[in-house]
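# An overview of the molecular structure
Below are the chains, spelled out letter by letter.
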Amino acid sequence: MQGQPFWGVLMDTCGVGCVALGEAGPVGNMTVVDSPGQEVLNQLGVKVPSETTSVEASIEMSLPTPLPGFEDSPDMRRLPPEQESLSRLEQQDLSSEMSKVSNPRASKPARKRGSRTRKGPKRPQQRKAPSAPLVPGLLDQSNPLSTPMPKKRSQKSKGDLLLLKLSKGLDQPESPPSKRPPEDFETPSGERPRRRAAQVALVYLQELAEELSSTLPAPVTCPKSPKASSPTRLKKTQQQAACHGGEENATAQDEDFVLQVEAEDGGESEAPSEALSDPEPAVPRSTPRGSTSGKQKPHFRGVAPNGLPNYIMAPVWKCLHLTKDLREQKHSLWEFAEWIPLAWKWHLLSELEAAPYLPQEEKSPLFSVQREGLSEDGTLYRINRFSSVTAHPERWDVSFFTGGPLWALDWCPVPEGSAASQYVALFSSPDMNETHPLSQLHSGPGLLQLWGLGTLQPESCSGNRAHFVYGIACDHGCIWDLKFCPSGAWELPGTLRKAPLLPRLGLLALACSDGKVLLFSLPHPEALLAQQPPDVMKPAIYKVQCVATLQVGSMQASDPSECGQCLSLAWMPTRPHHHLAAGYYNGMVVFWNLPTNSPLLRIRLSDGSLKLYPFQCFLAHDQAVRTLQWCKVNSHFLVSAGSDRKIKFWDLRRPYEPINSIKRFLSTELAWLLPYNGVTVAQDNCYASYGLCGIHYIDAGYLGFKAYFTAPRKGTVWSLSGSDWLGTIAAGDISGELIAAILPDMASNPVNVKRPAERRFPIYKADLVPYQDNPEGQDLSSASSGIPDPPKARTYAETVNHHYLLFQDTDLGSFHNLLHREPMLRMQEGEGHSQLCLDRLQLEAIHKVRFSPNLDSYGWLVSGGQSGLVRIHFVRGLTSPLGHRMQLESQAHFSAMFQPSSPTKGPGFPLASHRLLSNP
């Protein structure tokens, strides 16, 4: 081959060589016609004599020593000391490889059949020299040309890879040498070449991890990924991390994309590694899965002190923090300063004047209470109207009788840390057998009742009693709903005001069957009763002039019959609480601006009260609006449920079209808890599918989660209430059973929630039990055994003559061994095999349930129904030391702000202890 032009290649064992175009010498000597510059020669380690200035130069190259671990490799061959002539076969292979240099796509090694292909954006096909060797730390300082290329499956031989590497090096010879110290022979974890798809994937994983980790209470430990923590995947990832590495500068730039999440077991998360054939980046072992994962391990292990698993109690602890923080931002200390109670507007009625407004039943039906874990003697109780039973010394439950069926109920909000007396306002129908057609306006006498429950503190609960403090006589028919102003309407009972002003307890709105909404400013009972003579009639019934009447229409056309009865109310939950929403029988949702000064919306009447007209209204449903709920974080959003079986989410800035409309079943009540983007719905069983009647959580549509079946129920669920402090909902149904369910963290997809039966438990079950001639001697054990069906009594008198109510209470102080306890087994049996008898009076039905919204009494629950008996329970097992610490901190903060001069006396004390407050 002497004198023939050819391509000459000199290679070392690490795959780097020099290519020159020239003529062959006698024994492999090459005459270089166009040699690289001095920079390239210095970079490649070529020795050039200083006296040589001609274009022709003699290249002397020394072969480096083999790398550790490659001495016996059959693919790493050494060149013989004497250069031999290339055979024709070698020239053909060489020419084929050089043809691939001009087409980089053709030089890409073929993939193995059945191997995974990389998904993601297409990499640009351009020739670019790597900025540094692929395996840093394995080079000898005296041989900077050495670059190991481990052989991979589905690739060509090492010689072909060497030619490809050489051809890319010729395109950009100015590539800087590696700055990795040669003595570092270990591959650092987490280093890999920069890949665009890997960066995009890791950015997505990092955002997903931050979103999921932000919903957990701090400190939190994220679970291992089920897929990545499998033995096969783990072994493969460890092998990749041990064999391959990345560049030092690329690792520094990719530092933000590597997830550093601590695993549950305290071990370090495994850094992702990347293979040479461009696979998908390995997911870190501790990366939490998002809503698309098939399985999700619980974030918390172990059992809480109350007996429930920690993963069930975790959302409860989270809700305590969120509710406390958001109330500090969204609630106000003082609003509506012009609406202060005036003593001369409260007219005390005589016994004769108050008689038409009082409920007709003077005594309650017979009832008995069986408490789990306690031996009861089976005593039957009958209490008078407006009287109560003393709280149980161990369980602290209280019962009192209102005189008629309960249809409206709400707690009076008090500031956090005030440790003040707790109050509930309620409405009971005057007649046990009274019915009201919804299609027509109805007016008539009724009584709004205010009950004091005491401070409900643990040290004062034993021996506590509920007290009827005063009533308000109304002539506006049935009160279907009532709502207190969420905050800013309460002041200290001992506040000194100049007569005739009285300290204000709260602002209360009533939805009446005559189509009007009445707004009352309620005074503290101590101040009001102190204005009356000592021999005043007990109970005290007042005729009160409301501070404002809210009416539909306008000044020119104000006909309330167009909209029908007002069935539901919702007070704007965020400060300054200026807007009030109401739902009507014809499907209209109406909004009033309470402090408006517009002459078109506000009229001052001759008696000093106000008449307000709405500033906004729209047709939300085709039939009656049964319930309304405002978003407690953003007042622009509202949800409504109507008799047209639709649930609609509204953005009040664009009320012409709902954000989301869901048609499922006939909804009776909604609960929109503070931290979640969805509502919990109670339903009537008339349109429910078989097996799906009960309580459902429905996403508003933003996250796109499917409905979560919270609890199955056999009968109609009349009422539903949610506690923002506990993340728990309570529901009462027509069968007389009151249950509670702890919601999972709804920020994650609830489809992954396992064993939802462990999250719900009964509070009590009311049964209508028949008795013979001697009810006191009746064996109460027959209530749960196979007793004959009670006679189908259609009226209240027939029912109470042959039956009594049996309340079976659950021990709410602890939930240990909950699934095997008798109340839990009874509830599960009733969910599947119970039968309803709808052709009789449902005396045991529960119509209204309300959790306390106040931090000082956040574990208390009040409920009542058709019998007129109202019961108060303390869900002690859901309270925690965290909540108690928040109570103490809030009380210290409240005392530092207000510093009351002397402790105030609540209605838990005898009424004779009320005294006249001194006025300035």
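Residues numbered from 1 in each chain as written. Predicted model: local features only at pLDDT ≥ 70, side-chain atom pairs only at ≥ 80, totals over all residues. Heavy atoms only, no water.

## As for the overall build of the protein
For the protein, the count of helices and strands is 12 helices and 38 strands. Residues classed as buried in the protein amount to 52% of the 920 residues present. At a minimum sequence separation of 6, the contacts of the protein that also span at least 24 residues come to 68%. Accessible surface for the protein amounts to roughly 43200 Å². Of this, 52% is attributable to carbon and sulfur atoms. (Helix = DSSP H or I, 4+ residues; strand = E, 2+ residues; numbered from the N terminus. Buried < 20%, exposed > 50% of the residue type's maximum accessible area, 1.4 Å probe, protein only. Contact = heavy atoms within 4.5 Å. Areas by Shrake-Rupley, 256 points an atom, 1.4 Å probe, with all protein chains shown as cover.)

## Quick look at the side chain of Glu 669
Residue placement: Glu 669 occurs in strand β27 (residues 667-671). In this structure Glu 669 comes out as buried when scored by relative accessible area, which is 8%. Among the polar contacts made by the side chain of Glu 669, one reaches the side chain of Arg 850 at a distance of 2.7 Å. The contact partners of Glu 669, leaving out residues within four places of it in the chain, are Thr 627, Thr 680, Val 681, Ala 682, Trp 718, Ser 719, Leu 720, Lys 848 and Arg 850. (Polar contact = N/O pair within 3.5 Å; in protein donor to acceptor, adjacent residues only side chain to side chain.)

## With respect to the packing of helix α7 (residues 310-330) against helix α12 (residues 881-898)
Between α7 and α12, the shortest axis-to-axis distance is 10 Å and the interhelical angle comes to 20°. Relative to α12, α7 is oriented roughly parallel. Only Leu 882, Gly 883, Met 886 and Ser 890 of α12 make contact with α7, whose side of the interface consists of Trp 317, Leu 320, His 321 and Lys 324. For the contact of α7 with α12, the residue count by class is four nonpolar, three polar and one charged. (Axes fitted to C-alpha atoms, helices over the stretch in contact; angles between N-to-C directions. Parallel < 35°, antiparallel > 145°, perpendicular 65-115°, else oblique. Nonpolar A, V, L, I, M, F, W, Y, C, P; charged D, E, K, R; others polar.)

## Remarks on empty space enclosed by the protein
Under the criterion given, the structure shown has eight cavities of 30 Å³ or more. Its volume calculated, the second largest cavity comes out at about 80 Å³. Lining the second largest cavity are 13 residues, with Tyr 764, Phe 807, Glu 844, Ile 846 and Ser 867 positioned closest to its centre. For the lining of the second largest cavity, the secondary structure elements donating two or more residues are β34 (760-770), β35 (803-809), β37 (860-865) and β38 (869-874). Split by residue class, the lining of the second largest cavity holds eight nonpolar, three polar and two charged. (1 Å grid on protein atoms, 1.4 Å probe; cavity = no way out; pocket = protein on both sides within 12 Å on 5 of 7 lines; lining within 4 Å. Points joined across faces, edges and corners; volume = space filled by probe spheres on them.)

## Examining the state of the cysteines
Such a bond, covalent and formed between the sulfur atoms of two cysteines, is termed a disulfide. Taken as a whole, this structure holds zero disulfides when the rule is applied. Cys 566 takes part in no disulfide bond, and the closest cysteine sulfur to it belongs to Cys 512, at a distance of 7.7 Å. (Disulfide = S-S within 2.5 Å.)

## Looking at the environment of Ser 609
For Ser 609, the position within the fold is in the loop between β20 (602-604) and β21 (610-612). Linking Ser 609 and Thr 549, residues 60 residues apart in sequence, is a C-alpha distance of 7.7 Å. With residues up to four places along the chain from it excluded, the contact list for Ser 609 reads Gln 545, Cys 546, Val 547, Ile 603 and Arg 604. A distance of 2.8 Å separates a polar atom in the side chain of Ser 609 from a polar atom in the side chain of Asp 607.

## A few points about the sheet that holds strand β5 (residues 367-371)
Pairing in this open sheet of six strands is mixed, and the strands run β5-β35-β34-β33-β32-β31 from one edge to the other. The outermost strands of the open sheet, each flanked by one partner alone, are β5 and β31 (717-723). Going across the sheet, the axis of each strand differs from the next one's by a mean of 15°, ignoring polarity. Where strand β33 (residues 737-742) lies against β34, five bridges are found, and the strand directions are antiparallel. Residue pairing for β34: Ala 740 is matched across the bridge by Phe 761. (Pairing = 2+ DSSP bridges.)

## A few points about the pattern of salt bridges
A complete count under the given rule lists 24 salt bridges for this structure. Arg 371 serves as the salt-bridge partner of Asp 397, at 3.0 Å between the closest nitrogen and oxygen. Taken together, the positions of Asp 397 in the loop between β6 (388-389) and β7 (398-401) and Arg 371 in strand β5 put the pair 26 residues apart, joining distant regions of the chain. The class of Arg 371 is buried, set by a relative accessible area of 12%. One salt bridge connects Glu 831 with Arg 713, and the closest N-O pair in it is separated by 3.1 Å. With Glu 831 in helix α11 (residues 822-833) and Arg 713 in the loop between β30 (708-712) and β31, the pair connects residues that are 118 residues apart, well separated along the chain. A single burial state applies to Glu 831 and to Arg 713, both of which are buried. (Salt bridge = Lys/Arg side-chain N within 4 Å of Asp/Glu carboxyl O.)

## Brief notes about the side chain of Ser 332
In this fold, Ser 332 is placed in the loop between α7 and β4 (346-348). Side-chain polar atoms of Ser 332 contact the backbone nitrogen of Trp 334, separated by 3.4 Å. Side-chain polar atoms of Ser 332 contact the side chain of Glu 335, separated by 2.8 Å. Setting aside residues up to four positions removed in sequence, Ser 332 forms contacts with Ser 487, Gly 488, Arg 575 and His 577.

## What about the pairing of strand β28 (residues 678-683)?
Here is the key point about a regular strand: its side chains alternate between the two faces of the sheet. When you tally the buried positions in β28, you get six out of six residues, the bulk of the element. Residues Gly 678, Thr 680 and Ala 682 line one face of β28 and the alternating positions Val 679, Val 681 and Gln 683 line the opposite face, and both faces are buried. As paired elements, β27 and β28 share four bridges and run antiparallel to each other. Residue pairing in the sheet places Glu 669 in a bridge with Ala 682 of β28. Connecting β27 to the next strand, β28, in antiparallel fashion are six residues. Pairing between β28 and strand β29 (residues 694-699): five bridges, direction antiparallel.

## Quick word on α12
With 18 residues, α12 should cover 26 Å at 1.5 Å per step; its first-to-last C-alpha distance of 26 Å lies within 8% of that length. Inspection of α12 places Leu 882, Gly 883, Met 886, Gln 887, Ser 890 and Phe 894 among the buried residues, and these make up the whole buried set. Looking straight down α12, one finds that the buried residues subtend no more than 135° of arc, so they occupy a single side. Along α12, exposed side chains directed more than 90 degrees from the buried face belong to Pro 881 and Ala 896. In the core, the buried residues of α12 are packed alongside α7. (Expected span 1.5 Å × (residues − 1). Arc of directions from axis to C-beta.)

## A word on the pairing of strand β15 (residues 541-544)
By the bridge criterion, three bridges tie β4 to β15 in an arrangement that is antiparallel. Bridge assignment links His 347 to a residue of β15, and that residue is Lys 543.

## Overview of the environment of Gln 449
Within the element layout of this structure, Gln 449 appears in strand β10 (residues 446-454). Owing to a relative accessible area of 1%, Gln 449 belongs among the buried residues under this scheme. Each C-alpha atom, one on Gln 449 and one on Gly 471, is 4.5 Å from the other, the two residues being 22 residues apart in sequence. Residues in contact with Gln 449, not counting those within four places in the same chain, are Pro 359, Phe 386, Thr 402, Val 424, Ala 425, Leu 426, Ser 428, Phe 468 and Tyr 470. In this structure the side chain of Gln 449 is engaged in a polar contact, spanning 2.9 Å, whose partner is the side chain of Trp 451.

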